[in-house]
Amino acid sequence: MPLIKIDGQELEVEAGSRLLDVALEAGIEVPHYCYHPALSVVGSCRLCMVEVEGMPKLQTACSTPIGEAPPDRKVDGKYDMVVHTDTDKVVAGQKLVLEFLLLNHPLDCPVCDQAGECGLQDYSFKFGNAHSRFDEDKRVRAAEELGSGVAINQNRCIMCTRCVRFTQEITGTNELYVHGRGYDTKIAIFDGLPLDNPLSGNVADICPVGALLLKDYMHTTRVWHLSHTESACVECSSGCSITVDATDNVVRRIVSRRNDQANGHFICDFGRYSFHKYERSEFKEPMRKTPGSGWEMIPWRQAYQLIADKVAAGGGPGAVKALASPTLPNEPNYILGQFMGRLSDRKNIALLPVTQLSDMEFPGGFRISGDKGGNSRGARDVIPALAASVKALHKTDTGVIIILDGDGRAEMKGDLTRLMAAAQFSVVVACMPSEVTQNADLVLPIAAPYAREGTFTNDQGLVQWLQPALHPPDDVRADWQVVAELGQQLTGEDHLYSYAGDVTWKITQTTVGYGQITRFRLGKLGQFTASAAG
Amino acid sequence: MATVVRTYEPGYWDKFYLPAIARGLLLTLVRMFRRKDTIPYPDIKYVPADGYRGLHRLNKDEDGRIKCVACEMCQTACPAHCIDIVPEPAPWDDGGEERHPAKFEIDLLKCIFCGFCELACPKDAIELTEIYDYASFSRDDLIIDREGLLKVYDITSMGNIYERQNRGESIQIDTGNL
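Scope of this entry: the structure provided in the associated data block. Not measured: the values here are computed from a predicted model.

What counts, and at which threshold
- Residues numbered from 1 in each chain as written.
- Chains lettered and ligands numbered in written order.
- Predicted model: local features only at pLDDT ≥ 70, side-chain atom pairs only at ≥ 80, totals over all residues.
- Heavy atoms only, no water.
- Buried < 20%, exposed > 50% of the residue type's maximum accessible area, 1.4 Å probe, protein only.
- Helix = DSSP H or I, 4+ residues; strand = E, 2+ residues; numbered from the N terminus.
- Contact = heavy atoms within 4.5 Å.
- Buried area = accessible area lost by both parts, 1.4 Å probe.
- Salt bridge = Lys/Arg side-chain N within 4 Å of Asp/Glu carboxyl O.
- Polar contact = N/O pair within 3.5 Å; in protein donor to acceptor, adjacent residues only side chain to side chain.
- Axes fitted to C-alpha atoms, helices over the stretch in contact; angles between N-to-C directions.
- Parallel < 35°, antiparallel > 145°, perpendicular 65-115°, else oblique.
- Left-handed = near helix turned anticlockwise from the far one by under 90°.
- Nonpolar A, V, L, I, M, F, W, Y, C, P; charged D, E, K, R; others polar.
- Pairing = 2+ DSSP bridges.
- Core = buried A, V, L, I, M, F, W, Y, C linked by side-chain atoms within 4.5 Å.
- Domains from an automatic or database assignment.
- Phe/Tyr/Trp six-rings, centres within 6.5 Å; stacked < 30°, edge-to-face > 60°.
- Lys NZ or Arg CZ within 6 Å of the ring centre and 35° of its normal.

All names here are of chain B. With 8 of 11 residues buried, helix α4 (residues 146-156) is to be regarded as a mostly interior element. Of the residues making up α4, those classed as buried are R146, G148, L149, L150, V152, Y153, I155 and T156. Among the structural elements, β1 (56-58), β3 (99-107), β5 (143-144) and α5 (161-166) are those in contact with the buried residues of α4.

Often, the extent of an interface is quoted as the loss of accessible area on bringing the components together. Listed by partner, the interface residues are 11 residues for chain A and 15 residues for chain B. When chain A packs against chain B, the two sides together hide about 1000 Å² of surface, and 57% of this comes from carbon and sulfur. Three residues, P110, V111 and H219 of chain A, lead the burial of chain A against chain B; their summed loss comes to 54% of the area buried on that side. At the boundary of chain A with chain B, the tally comes to 2 salt bridges. Across the contact surface, chain A and chain B share 6 residue pairs in polar contact (both at pLDDT 80 or more).

This brings us to the environment of Q489 of chain A. Residues and elements named next belong to chain A. Locating Q489 in the fold gives a position in helix α12 (residues 479-491). Residues Q489 and Y304, spaced 185 residues apart in sequence, show a C-alpha to C-alpha distance of 6.8 Å. Not counting residues up to four positions away in its chain, the partners in contact with Q489 are Y304 and A308.

All names here are of chain A. In the contact formed by helix α7 (residues 300-313) and α12, the axes pass within 10 Å of each other and the chain directions differ by 45 degrees. Judged by the inter-axis angle, α7 sits oblique to α12. As α7 packs across α12, the resulting crossing turns out to be right-handed. The segment α7 lies against α12, with W300, Y304, I307, A308 and V311 engaging V482, E485, L486, Q489 and L490. By residue class, the composition of the contact of α7 with α12 is 8 nonpolar, 1 polar and 1 charged.

Attention shifts here to the pairing of strand β24 (residues 462-466) of chain A. Residue and element names in this part refer to chain A. For β24, a buried count of 5 out of 5 residues is recorded, marking the element as mostly surrounded by other parts of the structure. Both faces of β24 are covered, namely the face carrying L462, Q464 and L466 and the face carrying V463 and W465. Direction of pairing for strand β23 (residues 454-457) relative to β24: antiparallel, over a ladder of 4 bridges. Opposite F456, over in β24, you have Q464 as the bridge partner. The antiparallel pairing of β23 with β24 creates a hairpin that spans 4 residues between the two strands, and G461 there sits at a positive phi of about 90 degrees. Two elements, β24 and strand β25 (residues 527-528), share 2 bridges in a ladder whose sense is antiparallel. Bridge pairing in β25 links V463 to Q527.

Here we come to the nonpolar core. Among the nonpolar cores identified, the biggest contains 108 residues, and Y33, L336, F339 and L444 of chain A are the most heavily contacted of them. Shared between two domains, this core takes at least three residues from each, and those domains are domain 1 (3-98) and domain 2 (287-533) of chain A. Setting aside anything within four residues of it in sequence, one finds L444 of chain A in contact with P286, W300, A303, Y304, I307, V427, V428, V429, A430, V482 and L486 of chain A. Judged by nonpolar contacts, the second largest core, of 34 residues, contains L58, I106, L142 and I171 of chain B.

The next point concerns the packing of aromatic side chains. Summed over the entire model, instances satisfying the criterion amount to 14 aromatic pairs over all chains. Positioned over the ring face of F270 of chain A is K372 of chain A, at 5.5 Å from the centre of the ring. Lying across the ring of W92 of chain B, R65 of chain B places its NZ or CZ 5.2 Å from the centre.

It is worth spelling out the pattern of salt bridges at this point. All told, the structure shown has 40 salt bridges over all chains when counted by the stated rule. The salt bridge partner of R272 of chain A is D269 of chain A, with a shortest N-O separation of 3.8 Å. Taken together, the residues span about one helical turn, with R272 of chain A and D269 of chain A both in helix α6 (residues 269-272) at a distance of 3 residues. No difference in accessibility class separates R272 of chain A from D269 of chain A, as the two residues are buried. Where K60 of chain B meets D154 of chain B, a salt bridge forms, and the shortest distance between an N and an O atom there is 3.1 Å.

Below, the discussion takes up the sheet that holds strand β4 (residues 59-60) of chain A. Residue and element names in this part refer to chain A. Across the sheet, which stays open at both edges, the 5 strands sit in the order β2-β1-β5-β3-β4 with mixed pairing between neighbours. Edge positions in the sheet fall to β2 (9-12) and β4, since each has one partner strand and no second. Here strand β1 (residues 3-6) runs beside β2; their pairing, made up of 4 bridges, is antiparallel. In the strand pairing of β2, I4 is matched with L11. Across the sheet, helix α2 (residues 88-101) touches β3 (49-52) and β5 (81-84), and the angle it forms with β3 is around 155 degrees.

As a further point, take the sheet that holds strand β2 (residues 83-89) of chain B. Residues and elements named next belong to chain B. The strand order across the open sheet built from 3 strands is β2-β3-β5, with neighbouring strands paired in antiparallel fashion. A strand with exactly one partner marks an edge of an open sheet, and here the two such strands are β2 and β5. Here α4 sits on the sheet in contact with β3 and β5, set at roughly 85 degrees to β3.

So this is what it looks like as structure tokens:
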């Protein structure tokens, strides 16, 4: 293994590793634009230049591999490479490169949405000049639309080509290319082929400057006002790590968060824009369907009493059926499974059917799961006595049916329609209106996805913690709490949980494969269940 | 450090109080023939010095459009958190700025008139004017919105409003409508 020295720090690294990777990992800041760990190296921005002893010119750290030197050529008799990132030569080089990159940059930070998280701002401040010697007129170009979700401001672009490499290597769709030469170079799309692939939003994330912008987020808030919540996406079973950015209790945007166990660096556009679905008409209070198709708001206590009455009238606790939700965290599903098991010896609980498509795979390795449940695997893991399908519940008469609808992603068809029709009274636990809630007799409101807390298990067995980014409305309760209170009403046993983590702890105590999992170990990147890890 | 405490010990003549009265009357007599320091407000308005930090205004550019681009620098700089801005894409596409405020409210009751907003503004859009007499009977009147701030620009852009009022121009500062 080559032994190298960077700024006096001795490091033993593997032969062939990139100098930039090694320096960044060692905590040495080397500015860079075109280099992105998920993409190939082009070395076009020329900013990551470092001085390597024995080499006459500055070297770009991103394209310099580390190798073993022959014994007689080792520096000081032992180092294979000695690197400096802060010499006068390097500092002068960085200043010159930044001055060049800013030649045609409009410096319109006040109207630019990237301001606050902009590579040009940060590096100009740290490594650049306070002034430019460029006296000519700046090149001015019109903004263009690249696709339905992304716009480009050509003036701000520094031609790092991260976006072009993204469409070549990660999505394999090749929509973007570098048009023209020299002064006329620009990022462009081919006529009639807009940037509309399901990962297109990522180009705005990886753009180090304000050139590529999400139209959805354009001119909404300034980034320094956002609160960043590190959570996981619940839209499909891939379970990508995300950062939910919110202000004033409203989600403003969702950006990807690197998690090599789940999604790598990127997220898909379904997940990125999913928060808009939950902005409209959340439930605020329990609602009962009244004769004449209207809905009546009732207090929680009255809602639970109503359920108790209906259970007594509809064949007792033994005739209660339940559908667990693949769109809700493990915690409510676990509690539901526990108390339903106590109500009857028969299998009285099944998984709510949600949309199943085929997986979408991209050349770069990114996968969008076709299972739109999100937590299907988790629900199967934490409910031991799950019936094979909704159809299996038809074997006996149904009194009251409890449906955890979660985000309203269930499809109202086939067995589910028949089961709801056969039931005397249907209780739906959901956060927003859906086909299922329309056919319900009683709706119990729960918090919307970004106000939810709990664990999610993706289809690979990775358990991640959902961190709430929003506060739910006053009279809306947490999903696990509603289910626990339902269980208390039906079994007469006190529920013993005071917060979501309590339930998680209980799950880890009793569920096969979850024994090693704790809230602390889950951290921000999650942890595999024992069966998935083994 | 020692502190020197001066005490007043009245002398023989001081105990008559007459010299003190005479000195006071002399001062009054001298002042009667000097220029008066008081002004008959509100018939004549006090004109603050240049750089006085009074009511805010939002400037307009040569085309009459709002200069503000809703960058929220003033809101960020404001120590009293009295500015509330909601940006939106600008309705014009003829080369003006691509962003402008949909909502720009200043709570004048919270404002401490430090002028940080003016210093932070990269577009010279927000400025503090010389206006000081905008009291009102309602709190709502003292939350000034975008249109109100532009109206302040209209009445203050032709020169110091109090100098003009003293010259006899009739300029109304209608707080309820700001």
